[in-house]
Amino acid sequence: MKFRLMGITDLSTIDWPGKLAAIVFFQGCNLLCPWCQNVDGIDPRGGRDAEVEDAVQHINGLKPIIDSIVLTGGEPLLQPEACLEILKSSKELGLNCAIETNATDPQALERLLPYLDLVAIDVKAPPSDPGLYEKVTGSTGMPGLAQKVKEGLKFAVDSKTEVEARTTVVPTLNDDEKIIVQVAGDIKGINCLRLQQFRNQRTLDPSFQKLPMPSRGRLLELARAAKQGGIKKVKIFTVEGGLETV
Ligand code: SF4
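Just so we're clear, the structure is a prediction, and the values are computed from it rather than from any experiment. (Residues numbered from 1 in each chain as written. Predicted model: local features only at pLDDT ≥ 70, side-chain atom pairs only at ≥ 80, totals over all residues. Heavy atoms only, no water.)

(A) Quick peek at the pairing of strand E6 (residues 118-122). When you tally the buried positions in E6, you get 4 out of 5 residues, the bulk of the element. Pairing geometry for strand E5 (residues 96-101) and E6, over 4 bridges, is parallel. Opposite Ile99, over in E6, you have Val119 as the bridge partner. Considered for its hand, the β-α-β crossover made up of E5, helix H3 (residues 106-112) and E6 is right-handed. (Buried < 20%, exposed > 50% of the residue type's maximum accessible area, 1.4 Å probe, protein only. Helix = DSSP H or I, 4+ residues; strand = E, 2+ residues; numbered from the N terminus. Pairing = 2+ DSSP bridges. Right-handed = clockwise from strand over helix to strand, strands pointing away.)

Here is the structure:
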């Protein structure tokens, strides 16, 4: 089976803390977040054609040094059959499996859940605020976008797979205590929220490169607000401090 691949990182110790993971980057995304840093991963015509069988063989060859795989992108759920085949084969190889997704195809996510040990879902704004969700994700005109994310979150929570919600804090869009508390309220049932620092080096909308990166101190303030909003475990990820549990 062919799929569109951006690339494979053979070994990462960062993407899944505590694990030695190969990272499979699927090419193409259905959102246009103006602050996106993975600019080359968005166009579905980018990357290259690859065979699922070759990717699995490559992952098998990495087994002496890895114990896990992470599917990411772009957006992996846009190619659900390839995800499914890679996850099934990886499970047969005895690997832990994770996905990083924007959850805009809840049905596809539901099919993958039995093969996943960790689901990291982008919650880019409160799903209870569809207007803001559209703004933060580039107003792609996708019908029911925030509702789809809500459904994806529900499927993930109900599956008993470990779930982490991830919010990138972007000035002018969601860098606000009230918004983060609203996110916390919208992800009931998920015990872990990771607040990630927006980076201004390379962004889809170049005007975002003029915005300052929120500081580690600012992310700590927002993390405390999220905890007061009811999230048990809040992590922050910054260039200054790496991944920290607050
Ligand atoms: S940040 Fe947004 S546009 Fe960029 S890859 Fe993620 S979901 Fe797609």
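So that's the structure; there's more coming.
(B) Main features of helix H2 (residues 80-92). Helix length check: H2, at 13 residues, gives a terminal C-alpha distance of 18 Å against a target of 18 Å (1.5 Å per residue), a fit within 8%. Where H2 is concerned, the buried positions are Pro80, Ala82, Cys83, Leu84, Ile86, Leu87, Ser89 and Ser90. Each element contacted by the buried residues of H2 is listed here: strand E1 (2-12), strand E2 (21-26), helix H1 (52-61), strand E4 (68-72), E5 and H3. (Expected span 1.5 Å × (residues − 1). Contact = heavy atoms within 4.5 Å.)

(C) Main features of the state of the cysteines. For the structure on display, the rule yields 0 disulfides. With no disulfide of its own, Cys97 lies closest to Cys83 among cysteine sulfurs, the gap being 11 Å. A relative accessible area of 0% places Cys97 in the buried class. (Disulfide = S-S within 2.5 Å.)

(D) Just the packing of aromatic side chains, in detail. Summed over the entire model, instances satisfying the criterion amount to 2 aromatic pairs. Between Phe3 and Phe26, the aromatic rings sit 5.3 Å apart at their centres with planes inclined by 50°, giving tilted as the arrangement. Placement of the pair is Phe3 in strand E1 and Phe26 in strand E2, with a sequence separation of 23 residues. The same class applies to Phe3 as to Phe26, namely buried. On the numbers, 6.5 Å between centres and 75° between planes, the contact of Phe198 with Phe208 is edge-to-face. Taken together, the residues Phe198 in the loop between strand E8 (192-197) and helix H7 (216-228) and Phe208 in the loop between E8 and H7 connect sequence positions 10 residues apart. Both residues of the pair, Phe198 and Phe208, belong to the buried class. We note Lys19 situated over the ring of Trp16; from NZ or CZ to the ring centre the distance is 5.1 Å. Over the ring of Phe237 we find Arg194; its NZ or CZ atom is 5.5 Å from the centre of that ring. (Phe/Tyr/Trp six-rings, centres within 6.5 Å; stacked < 30°, edge-to-face > 60°. Lys NZ or Arg CZ within 6 Å of the ring centre and 35° of its normal.)

(E) Up close: the pairing of strand E10 (residues 242-245). As defined by bridge partners, strand E9 (residues 233-238) adjoins E10 across 4 bridges and the pair is classed as antiparallel. Its bridge partner being in E10, Phe237 is matched across the sheet by Leu243. A loop of 3 residues connects E9 with E10, the two strands running antiparallel in sequence.

(F) Spatial organisation of the nonpolar core. Within the largest apolar cluster, 72 residues are counted, with the highest numbers of intra-cluster contacts made by Phe3, Ile69, Leu71, Ile86, Leu116, Ile121 and Leu195. When sequence neighbours within four positions are dropped, the list of residues in contact with Ile69 reads Trp16, Ala22, Ile59, Ile86, Leu87, Ser90, Leu95, Asn96, Cys97 and Ala98. Ranked by size, the runner-up nonpolar core spans 6 residues in total, among them Ala21, Val70, Ala98 and Leu118. (Core = buried A, V, L, I, M, F, W, Y, C linked by side-chain atoms within 4.5 Å.)

(G) Inspection of the sheet that holds strand E7 (residues 162-169) at higher detail. On the basis of which strands lie adjacent, the open sheet formed by 10 strands has the order E3-E1-E2-E4-E5-E6-E7-E8-E9-E10 and mixed pairing. The sheet terminates laterally at strand E3 (48-51) and E10, the two strands that pair on one side only. Between one strand axis and the next, the sheet turns by 25° as a mean value, whatever way the strands run. The pairing of E1 with E3 spans 4 bridges and is antiparallel. By the bridge assignment, Arg4 is partnered in E3 with Asp49. (Axes fitted to C-alpha atoms, helices over the stretch in contact; angles between N-to-C directions.)

(H) Up close: unusual backbone geometry. Backbone torsion omega between Gly73 and Gly74 reads 15°, so that peptide bond is classified as cis. Mapped onto the fold, Gly74 is located in the loop between E4 and H2. Although it is not a glycine, Lys160 adopts a positive phi angle of roughly 70°. Of note, Thr172 is a non-glycine position whose phi angle comes to about 75°, a positive value. For Thr172, a relative accessible area of 57% puts it in the exposed group.

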